[in-house]
Amino acid sequence: MYSQTDFTRNAAKIRKELLIAAALALPFLAGAIAAFILRVEIACSACVIAAGAILIFLWDLRIAPLMHYKRFLKEIHSGLSRRTAGALVKIGVDPVYQDGVDFYEVIINIYEDLSEEGERRFLLDCQKTIDASFMDRDIVLTSHGNMVLDAELLGGASA
């Protein structure tokens, strides 16, 4: 499911958002420098506050989630993985926020009689999908911790 293009796409998004933040804050920083040189304390303070507010706002809403996703990608590519076989019971539709990344819940049941004790919860990146035809069929999930890296039918077809 994950490849080098995920890394490069995320890095390009981070670069774009940093450039936007810099472009929006730069006029206020230039105004702060000009007001400082002209000794206009109120204008200098207002420009610094505006630039800081813009940077904090964009960091929290646009840049930090991309940085969390970058850390997530690095972790899943460098960590251990395991394979779990079972019947795909449910793919959630509401995002679950964990470790700075949005996921969908994926429930598989590892018991043949599909009793509730056999259900295992995994997390699927919201940017990835599992083929809907896999529902109620035996699949093999490759995961890092409880985060899905790949899903394939027990016979072989990958999603």
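Coordinates for the structure precede this section.
**Q** What exactly am I supposed to notice about a nonpolar patch on the surface here?
**A** A surface patch of nonpolar side chains, about 550 Å² in accessible area, is lined by Ile-33, Phe-36, Ile-37, Leu-38 and Val-40. With respect to the helices and strands, Leu-38 occurs in the loop between helix H1 (4-37) and helix H2 (41-78). Accessibility expressed as a relative area gives 63% for Leu-38, which makes it exposed.

**Q** Teacher, can you tell me more about unusual backbone geometry here?
**A** Keep in mind that most residues, glycine aside, have a negative phi and that most peptide bonds are trans. The backbone of Asp-99 sits at a positive phi, close to 55°, despite the residue not being glycine. Positionally, Asp-99 belongs in the loop between strand S2 (96-98) and strand S3 (101-109). Despite not being glycine, Leu-114 has its phi angle at roughly 55°, a positive value. With respect to the secondary-structure elements, Leu-114 resides in the loop between S3 and strand S4 (119-125). By relative accessible area, which is 48% here, Leu-114 ends up partly exposed.

**Q** How do you make sense of the packing of aromatic side chains when you look at a structure like this?
**A** In this description, an aromatic ring pair is defined by two values, namely the gap between the centres and the angle between the planes. If you walk through the whole model with that rule in mind, you get 3 aromatic pairs. With a centroid separation of 6.0 Å and 75° between ring planes, the pair formed by Tyr-2 and Phe-72 is classed as edge-to-face. In this pair, Tyr-2 is assigned in the segment before H1 and Phe-72 in helix H2, connecting sequence segments 70 residues apart. When sorted by exposure, Tyr-2 lands in the same class as Phe-72, which is buried. Aromatic pair Tyr-69 and Phe-72: ring centres 5.8 Å apart, planes at 35°, arrangement tilted. Placement of both Tyr-69 and Phe-72 in helix H2 is noted, with a separation of 3 residues, approximately one turn of the helix. Its relative accessible area of 7% is what places Tyr-69 among the buried residues. Taken together, the aromatic side chains of Tyr-2, Tyr-69, Phe-72 and Phe-103 make up a single cluster linked through ring pairs.

**Q** Can you help me understand the pattern of salt bridges in this one?
**A** Think of it this way: side chains of opposite charge can pair up when their charged atoms draw near. All told, the structure shown has 5 salt bridges when counted by the stated rule. Among the ionic pairs, Arg-121 bridges to Glu-105, the shortest N-O distance being 2.6 Å. In this pair, Arg-121 sits in strand S4 while Glu-105 sits in strand S3, placing the two residues 16 residues apart along the sequence. For Arg-121, a relative accessible area of 36% corresponds to the partly exposed category. Here the salt bridges share partners, and the residues they tie into one network are Asp-6, Arg-9 and Lys-128.

**Q** Can you walk me through H2 in this structure?
**A** Since the α-helix packs 3.6 residues into each turn, any two residues three or four apart lie on the same face. Of all the bends in H2, the greatest measures close to 50° and is centred on Trp-59. Within the span of H2, buried status applies to Cys-44, Cys-47, Ala-51, Ile-54, Leu-58, Ile-63, Ala-64, Leu-66, Tyr-69, Phe-72, Leu-73 and Ile-76. The inward-facing, buried residues of H2 abut H1, S3, S4, strand S5 (138-144) and strand S6 (147-153).

**Q** Any chance you could explain the nonpolar core here in plain terms?
**A** Nonpolar side chains in soluble globular proteins generally cluster together in the buried interior. Among the nonpolar cores identified, the biggest contains 12 residues, and these are Leu-88, Val-106, Ile-108, Phe-122, Leu-124, Ile-130, Phe-134, Ile-139, Leu-141, Val-148, Ala-151 and Leu-153. At the level of secondary structure, the elements contributing two or more residues to this core comprise S3, S4, S5 and S6. With 3 residues, S6 is the single largest residue contributor to this core. Counting 10 residues, the second largest nonpolar core, distinct from the first, contains Phe-72, Val-101, Met-147 and Leu-149.

**Q** Just checking my understanding: could you explain the pairing of S3 for this structure?
**A** Regular strands place side chains that alternate from one sheet face to the opposite one. Two strands pair when backbone bridges link them, and strand S1 (residues 82-91) and S3 are joined in this way by 4 bridges, in the antiparallel orientation. Bridge pairing in S3 links Ile-91 to Val-106. Of the pairings in the sheet, the one linking S2 to S3 comprises 3 bridges and is antiparallel in character. Bridging from a neighbouring strand, Val-96 pairs with Phe-103 of S3.

Cut-offs and rules
- Residues numbered from 1 in each chain as written.
- Predicted model: local features only at pLDDT ≥ 70, side-chain atom pairs only at ≥ 80, totals over all residues.
- Heavy atoms only, no water.
- Patch = residues over 30% accessible without salt bridge, like charges linked within 9 Å, V, L, I, M, F, W, Y side chains within 5 Å.
- Areas by Shrake-Rupley, 256 points an atom, 1.4 Å probe, with all protein chains shown as cover.
- Salt bridge = Lys/Arg side-chain N within 4 Å of Asp/Glu carboxyl O.
- Helix = DSSP H or I, 4+ residues; strand = E, 2+ residues; numbered from the N terminus.
- Buried < 20%, exposed > 50% of the residue type's maximum accessible area, 1.4 Å probe, protein only.
- Phe/Tyr/Trp six-rings, centres within 6.5 Å; stacked < 30°, edge-to-face > 60°.
- Bend = angle between axes of the 7 residues up to and from the residue.
- Contact = heavy atoms within 4.5 Å.
- Core = buried A, V, L, I, M, F, W, Y, C linked by side-chain atoms within 4.5 Å.
- Pairing = 2+ DSSP bridges.

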